[in-house]
Amino acid sequence: MGLINVNSFVAGQWIAADESGRPIASAVTGEPLGLAGRARLDTQGLLDHARLKGGPALRAMTFHERARMLKALALELSRHKEELYRLSHTTGATTPDAMIDIDGGIQTMLVYASKGRREMPDAHIYVDGETEMLSRGGTFAGQHVATPLKGVAVHINAFNFPVWGMLEKLSPALLAGMPAIVKPATATCHVTEQCFRRMIASGILPDGAVQLVTGGLGDLLDRLDYQDVVGFTGSAATALKLRFNPHLIENSVRFVAEQDSLNASVLGPDATPGSPEFDILVKEAVREITAKAGQKCTAIRRLIVPEALFGPVGDAIAERLSKVRIGDPALETTRMGALASAEQKADVLDKVGRIASECRMLTGDPANFDVDGADAERGAFLPPMLLACDDPDEAEIVHSAEAFGPVSTVMPYRDLDQAARLMNRGRGSLVASVITHDPEVARTLVLEAGAAHGRIYVNNRDSAGEATGHGSPLPHMVHGGPGRAGGGEELGGIRGVMHYMQRTAIQGSPDILSAVTGRWIKGAAKPKASAHPFTRGFDALAIGETIEAGPRTVTLEDIEHFAHFTGDTFYAHMDEDAAKANPFFPGRVAHGYLLLSFAAGLFVEPSPGPVLANTGLDGLRFMKPVSPGDAISVSLTVKRKTRRTDEYGEVRWHVAVINQDGDDVAEYELHTMNAYQA
Ligand code: NAP
């Protein structure tokens, strides 16, 4: 492979590295691969382009339009996976390692594309939570909403996931409507750059939505403002340095950090040698030690096992690790490739040396191991290493030094109290796993250790077939952890999008809140529909328009008929004395489901039309019982509309049922799918 000139992409231009660029070397041969970055970077030009071009273009789109853009981008990238796998070999990654990075990143983007369309509106303002009624008379209410920040997201990524690291941050930022500047770690930035090139060449993103800085960031952080966000992933030491930037502090620039983590895995006291849980722990441990040569922020660094299983667990893992074939990551027979750089290898050896000063080495001699198809000395190769810590209460280094490579330490515990204490000695981690078939063990450890861990992964014989693995952050679930892990949070579905938006509490009358949110809010005007809404297409329906129907008197015969027809002969509907004895009822009352059915009978327009299906209802409340002789009326109001497919959209209706005195009897939100045209 010839030398690569890793470019940056600034204000719509590809900028080549110059002789001051940072060197990149092959993880496999140690030979120079190329240079990244240049001494002078037009940082203000980068920020202006994002703020003046990318931001407005993204914010002009709705959440759904941005979600569709993410989907198109992910599908485009999946067409170029093979070239990215090949390039990843130069970073020491085997093809399965590269798939974690590349397929994992694409999958994350697809999940955000889908969640954006399912959980966010086809609009520009995100409504966060329920309306709060702030007044007795209902004329003053509150609603939390979120709007995209008007600055730029600066994403500083770690070397171990050159593609996932970029895509897992870009997906929520772009969905929020915020442009981003991506700064990959230098050691693997040529893989990020190649993926980035594919994104730009696709033409899917608006101008200025994404830019790339390889090499150093120059004075970019000193130019950020309160509308900007820094999303950092890397070591605790770098995070500390960047967090302390006085300019960031002075301007309250959001700083989300994902740092190192001494993740633990606990084997429950219910496990025995040969039990499914014992085998699951061994399998997960071997996978976490060897996948990406242990360079995963979520990898298991500490294996906490019952005293009686300390020896057997260590032996079983050591035995499996000793058979792992190490070599050129491009070879199909290679199970574990190289670390990303000679610097990483040196750092891991230093940390292992320190951990070994208080632990025993069970397997893996870094001075003597075989490497297939590459030179062990020149490439950044290491063998998988397992240590044993006999006295974990007294030990210090194993709970504080992160050897960011194929290294883990097994240690014993006497009881669950001690197991939880040991888990928490990492002082805040991204993930801990608990391998147990005993729900009480899981509950105790969640209670005792939950506060110190961002994610707790419980696995056993029931879930093992489908469980996604200790080390896999999922876009649906929060990734991040307290304390040493950085105190930040990413992903977690739409929670992750909120890092790029400002939540604002809006207070005002229901009419004002309806206009702001684009959905009808209780108490807002209910103009009479010009014609029955079931006869008009989705596009013709206006938010707030209402039809009223009724009254219909509910008779004792109706109640008895409904009871016998459905089989619901509950005493409150059938037995006057028993019903009266109940504190809720004056005597026999109508079934709540009878009222729902009568309500539908009152508001429905029966002819074939644009309403295609009733897909459910939410928030059903029965507020006042209906006695025989009461008369009910119903109002049906268009509450919100969301386009779903090319043919139909979802309409949510507010349905209110009242009695002859105007008292609220029942209310709910009805969901229908409606064709766009009548
Ligand atoms: P690192 O040395 O801290 O570097 C992280 C990023 O910061 C790189 O892009 C680096 O760029 C950049 N950087 C360093 N100094 C900077 C400065 N003064 N201004 C601006 N940017 C600067 O970490 P790493 O070695 O790449 O990654 C390994 C660590 O990341 C491990 O500790 C691991 O646990 C952690 N990690 C955490 C997560 C997570 O989600 N929590 C995920 C992956 C990795 P250069 O490469 O150009 O120096």
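Residues numbered from 1 in each chain as written. Predicted model: local features only at pLDDT ≥ 70, side-chain atom pairs only at ≥ 80, totals over all residues. Heavy atoms only, no water.

**Some remarks on the site of the ligand**
Then, in step 1: Around the ligand, the surrounding shell holds 26 residues, and the nearest of these are Arg22, Asn157, Thr186, Ser235 and Thr238.
Then, in step 2: In this structure, Thr238 approaches the ligand through a side-chain N or O atom, which is 2.6 Å from an oxygen atom.
Then, in step 3: In isolation the ligand has 910 Å² of accessible area, and contact with the protein removes 82% of it.
Then, in step 4: Elements supplying a minimum of two residues to the shell around the ligand: β11 (229-233) and α7 (236-243).
Then, in step 5: For the shell around the ligand, the leading source of residues is α7, giving three residues.
Then, in step 6: Here the residues of the shell around the ligand are counted per class, giving ten nonpolar, ten polar and six charged.
Then, in step 7: In this structure, the shell around the ligand is formed jointly by two domains, domain 1 (9-123 + 148-259) and domain 2 (263-473), each of which donates at least three residues. (Near = heavy atom within 4 Å. Polar contact = N/O pair within 3.5 Å; in protein donor to acceptor, adjacent residues only side chain to side chain. Areas by Shrake-Rupley, 256 points an atom, 1.4 Å probe, with all protein chains shown as cover. Helix = DSSP H or I, 4+ residues; strand = E, 2+ residues; numbered from the N terminus. Nonpolar A, V, L, I, M, F, W, Y, C, P; charged D, E, K, R; others polar. Domains from an automatic or database assignment.)

**A few points about the pattern of salt bridges**
Then, in step 1: The tally for this structure, following the rule as stated, stands at 35 salt bridges.
Then, in step 2: Residue Asp393 pairs with Arg421 through a salt bridge whose shortest N-O separation is 4.0 Å. Of the two residues, Asp393 is situated in the loop between β16 (385-388) and β17 (407-413) and Arg421 in helix α12 (residues 416-424); the sequence distance between them amounts to 28 residues.
Then, in step 3: With a relative accessible area of 46%, Arg421 lands in the partly exposed category.
Then, in step 4: Note that Asp539 is salt-bridged to Arg643, the shortest N-O span being 3.0 Å. Note that Asp539 is positioned in the loop between α15 (510-517) and β23 (546-553) and Arg643 in strand β25 (residues 631-643), a separation of 104 residues in sequence.
Then, in step 5: The exposure class of Asp539 is partly exposed, given its relative accessible area of 38%.
Then, in step 6: You can call Arg643 partly exposed: its relative accessible area is 35%.
Then, in step 7: Residues joined by salt bridges that share partners form a network here, namely Asp618, Lys639, Arg644, Glu650, Arg652 and Glu669. (Salt bridge = Lys/Arg side-chain N within 4 Å of Asp/Glu carboxyl O. Buried < 20%, exposed > 50% of the residue type's maximum accessible area, 1.4 Å probe, protein only.)

**Thoughts on the side chain of Thr94**
Then, in step 1: In this fold, Thr94 is placed in the loop between α3 (81-88) and α4 (95-119).
Then, in step 2: Residues within four places of Thr94 in sequence aside, it is in contact with His89, Pro329, Thr334, Arg335, Met336 and Gly337. (Contact = heavy atoms within 4.5 Å.)

**Concerning the packing of α12 against helix α13 (residues 439-449)**
Then, in step 1: Close contact between α12 and α13 brings their axes to 9 Å; oriented N to C, the two are set at 45°. In terms of orientation, α12 and α13 fall into the oblique class. Judged by the sense of rotation from one axis to the other, the crossing of α12 with α13 is right-handed. In this structure, α12 contributes Leu416, Ala419, Ala420, Met423 and Asn424 to the contact, and α13 contributes Val441, Thr444, Leu445, Glu448 and Ala449. (Axes fitted to C-alpha atoms, helices over the stretch in contact; angles between N-to-C directions. Parallel < 35°, antiparallel > 145°, perpendicular 65-115°, else oblique. Left-handed = near helix turned anticlockwise from the far one by under 90°.)

**Some points on the packing of aromatic side chains**
Then, in step 1: This model, assessed by the stated rule, comprises 13 aromatic pairs.
Then, in step 2: When the centroid spacing of 6.4 Å and the interplanar angle of 75° are considered together, the rings of Phe63 and Tyr126 count as edge-to-face. Here Tyr126 lies in strand β6 (residues 126-133) and Phe63 lies in helix α2 (residues 63-78), a separation of 63 residues in the sequence. Grouping residues by exposure puts Phe63 and Tyr126 together as buried.
Then, in step 3: Measuring from centroid to centroid gives 6.5 Å for Phe584 and Phe585, while their planes differ by 50°, and the two rings are tilted.
Then, in step 4: Here the guanidinium or amino end of Arg197 rests over the ring plane of Trp14, the centre of that ring lying 4.0 Å away. (Phe/Tyr/Trp six-rings, centres within 6.5 Å; stacked < 30°, edge-to-face > 60°. Lys NZ or Arg CZ within 6 Å of the ring centre and 35° of its normal.)

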